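# Reading the structure
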Amino acid sequence: MQHRPQNWILILDFGSQYTQLIARRVRELNVYCEIHPFNKDLATFADNPPNGVILSGGPSSVNDENAPNINEDIFNWDVPVLGICYGLQILAHNEISGSVEKADRREFGRSELIVDDNTDLLKEIPEESVVWMSHGDHIKELSSNYEVIAHTDNAHVAAVRHDEKPIYGVQFHPEVVHTVYGGQILQNFVYSICHLKGSWTAKSFIESTIEEIREKVGDDRVICGLSGGVDSTVVATLVHEAIGDQLQCIFVDNGVLRKNEFQDVLDIYEDQLHLPVKGIDASDKFLERLKGVVDPEMKRITIGETFIEVFDEAIAHDDSYKYLAQGTLYPDVIESISFKGPSATIKSHHNVGGLPEEMNLDLIEPVRELFKDEVRNVGRELGIPEHFIKRHPFPGPGLAIRIISDVDRPKLDILREADDIFISELRKNDLYDEVWQALAVLLPVQSVGVMGDERTYEFTIGLRAVTSVDGMTADWAHLPHPFLAHVSNRIINEVRGINRVVYDISSKPPSTIEWE
Ligand SMILES: Nc1ncnc2c1ncn2[C@@H]1O[C@H](COP(=O)(O)OP(=O)(O)OP(=O)(O)O)[C@@H](O)[C@H]1O
Ligand SMILES: O=c1[nH]c(=O)c2[nH+]cn([C@@H]3O[C@H](COP(=O)(O)O)[C@@H](O)[C@H]3O)c2[nH]1
Ligand SMILES: NC(=O)CC[C@H](N)C(=O)O
Ligand SMILES: [Mg+2]
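Everything quoted here is computed from the prediction, not taken from an experiment. (Residues numbered from 1 in each chain as written. Chains lettered and ligands numbered in written order. Predicted model: local features only at pLDDT ≥ 70, side-chain atom pairs only at ≥ 80, totals over all residues. Heavy atoms only, no water.)

### Concerning the environment of Ile125
Tracing the backbone through its elements, the reader meets Ile125 in the loop between β5 (100-115) and β6 (128-139). Remark: the alpha-carbon pair of Ile125 and Arg402, spanning 277 residues in sequence, is separated by 50 Å. Residue contacts for Ile125: discarding those within four places in its chain leaves Val115, Tyr181, Gln184 and Ile185. (Helix = DSSP H or I, 4+ residues; strand = E, 2+ residues; numbered from the N terminus. Contact = heavy atoms within 4.5 Å.)

Structure, rendered in structure tokens:
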């Protein structure tokens, strides 16, 4: 499904670690944008060319043998172009080969930008301000077609403008928060130079998406697996708004949900969100398959495959289902289309993602161009209650990957109780919204304790709470010690089988949020 609105910005990726940030900054201006690899076939945009192009930074040096180059066809669109770091260097190199060279001093970190011309790109930027630099090459010689509009002590070419065409370049990174006026610079480019208005909002997104879903689905039926998470819920709500009861949602009890989760979430779906949802208790099947499985990846694969089976059975006798609605997000898409290729598999997160091939259903992925926080905003605009939107993420494989050994009912019961104490205490103490995610893990470690003069030899619960923006990196949450003491005390006293509680103080990376 294509959600690209009439007005948009194309970001060509040269491999920078900040490319996603450029997209986020542009989206924050309520302007739609897409990231594509630098060598994307531009003919795919012929119907609706972008209103501006941003060239990202990148790890290569323009003098490298196979350095990625600009597809000159972008200039045929006659729209403004902004090169950032490598993007600027490649513009300069294409004017005068050899004009970019290794700098004596690498520049990494904060630098003082001095504005020489504040008429367009640098409008409203103070004469001196802090920018973020991250480069080893610099521009030694600038073609006479370009004019310097800002410099730093170390880089005499920090920002440039073409004499005749709307082509600009910056050596620093306006997309990074450390560039104090970076947002203003991007705003100048997008609003003033590309003449775009901030009209891409959650509301306009919802309207156009509903229209597209209606057109695509016609009289057919759609199935959607709900996980209790934000993404699938927003997707189901959008599809429901579009086609009403042609949608059937399924919420599966896979036996590794949290305490009361199955009933609580079903109730919310029915009573508050009014979604047509069928609850399927498949816990026996899942737990049977999980018996004796210790390896984390095997747990994920087993659960993913069992999901497919349960879905398959649910619609086996009804061939009116033609579509599967899924909550694929933009970061997944970016990763799979990046010219660097998908990164190494740390964990196979998208374990249920393989449904359609096996089920012969076409996909509906209405939020595949959105970031998580944008999905949340769409959810709010759709009227999904705030307490639901702010629910912590919960992994598809559930508690199975929080039991650091094989999974069985007794262990699940222990973990459920401990998790419930931790989460409900976080809520009670107004700490739930302060952390991005919190969880308990059951460690297969037995240790000695003493309770009521008796020796105990029982299992350990690990508590983990993290702060994060997107889950890609995270810090352990510095929860108040009296709070941790209280939770630990309650777990040891109330949960049979636990005599020790530890708190995880590792950040991501190098650790991950989940233990498996
Ligand atoms: N218990 C479940 N019952 C039915 N479908 C499920 C269940 N758990 C996951 N799914 C389906 O599998 C998809 C992937 O689940 P997963 O939790 O891995 O994704 P996610 O990106 O975290 O999305 P969400 O925010 O919706 O949880 C979900 O979007 C949902 O469609
Ligand atoms: O749907 C999911 N299926 C999975 O297999 C899975 N593994 C981890 N997670 C969630 O992803 C986020 C990052 O987790 P990690 O730091 O552990 O990789 C955290 O929010 C994790 O809870 C999963 N979600
Ligand atoms: N951040 C970048 O785009 C770096 C560009 C180039 N690799 C340099 O070191 O100068
Ligand atoms: Mg989920």
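### Examining the domain arrangement of the chain
Looking at the assigned domains, one finds that the chain contains domain 1 (8-193), domain 2 (202-389) and domain 3 (402-503). The gap between the C-alpha centroids of domain 2 and domain 3 is 28 Å. Taken together, the contact pairs 13 residues of domain 2 with 12 residues of domain 3. Carbon and sulfur atoms supply 47% of the area buried between domain 2 and domain 3, which totals about 1100 Å² over both sides. The largest per-residue losses of area from domain 2 upon contact with domain 3 belong to Arg258, Lys259 and Leu287, which jointly make up 46% of the total buried on that side. (Domains from an automatic or database assignment. Buried area = accessible area lost by both parts, 1.4 Å probe.)

### Structural notes on the nonpolar core
Ranked by size, the top nonpolar core spans 119 residues in total, and within it Ile461, Leu479 and Ile491 carry the most contacts. Ranked by size, the runner-up nonpolar core spans 38 residues in total, among them Ile22, Ile125, Met133 and Ile149. (Core = buried A, V, L, I, M, F, W, Y, C linked by side-chain atoms within 4.5 Å. Buried < 20%, exposed > 50% of the residue type's maximum accessible area, 1.4 Å probe, protein only.)

### Re the UniProt feature "binding site: ATP" (unreviewed entry) in the chain
Residues given the UniProt feature "binding site: ATP" (unreviewed entry) here are Ser227, Gly228, Gly229, Val230, Asp231, Ser232 and Thr233. The residue Gly228 is located in the loop between β10 (221-226) and α5 (230-243) in this model. For Gly228, a relative accessible area of 4% corresponds to the buried category. The contact partners of Gly228, leaving out residues within four places of it in the chain, are Thr233, Phe251, Val265, Tyr269, Phe388 and Arg391. Within the secondary structure layout, Ser232 lies in helix α5. (UniProt positions renumbered as here; feature names shortened; annotations may be inferred.)

### Notes on the state of the cysteines
Per the stated rule, a full pass over the model turns up zero disulfides. Left unpaired, Cys33 is separated from the closest cysteine sulfur, that of Cys194, by 12 Å. Cys224 carries a free sulfur, and the closest cysteine sulfur to it, the one in Cys249, is 5.0 Å from it. Note on Cys224: relative accessible area 0%, which makes it buried. (Disulfide = S-S within 2.5 Å.)

### A few points about the UniProt feature "active site" (unreviewed entry) in the chain
UniProt tags Cys85, His173 and Glu175 as "active site" (unreviewed entry). For the annotated residues, spread through 91 residues, the largest C-alpha to C-alpha distance comes to 11.2 Å, consistent with a single compact locus. Summarising the element assignment, Cys85 is placed in the loop between β4 (81-84) and α2 (86-95). Judged by relative accessible area, which is 5%, Cys85 ranks as buried. Once residues lying within four places of it in the same chain are set aside, the contact partners of Cys85 are Gly57, Ser134, His135, Val170, Gln171, Phe172 and His173. Take Glu175: it is sitting in the loop between β9 (167-170) and α3 (182-193).

### A word on the packing of aromatic side chains
Here the structure, examined in full by the defined rule, presents 13 aromatic pairs. A centroid spacing of 5.5 Å and a plane angle of 25 degrees characterise the contact between Phe14 and Phe38, whose relative ring orientation is stacked. Within this pair, whereas Phe14 is found in the loop between β1 (8-13) and α1 (19-28), its partner Phe38 is found in the loop between β2 (32-37) and β3 (52-55), the two being separated by 24 residues in sequence. Residue classification places Phe38 among the buried residues on the basis of a relative accessible area of 14%. Pairing Phe286 with Phe307 gives two aromatic rings, centres 5.2 Å apart and planes at 70 degrees, and the pair type is edge-to-face. Of this pair, Phe286 sits in helix α7 (residues 283-290) while Phe307 sits in helix α8 (residues 296-314), and the two are 21 residues apart along the sequence. (Phe/Tyr/Trp six-rings, centres within 6.5 Å; stacked < 30°, edge-to-face > 60°.)

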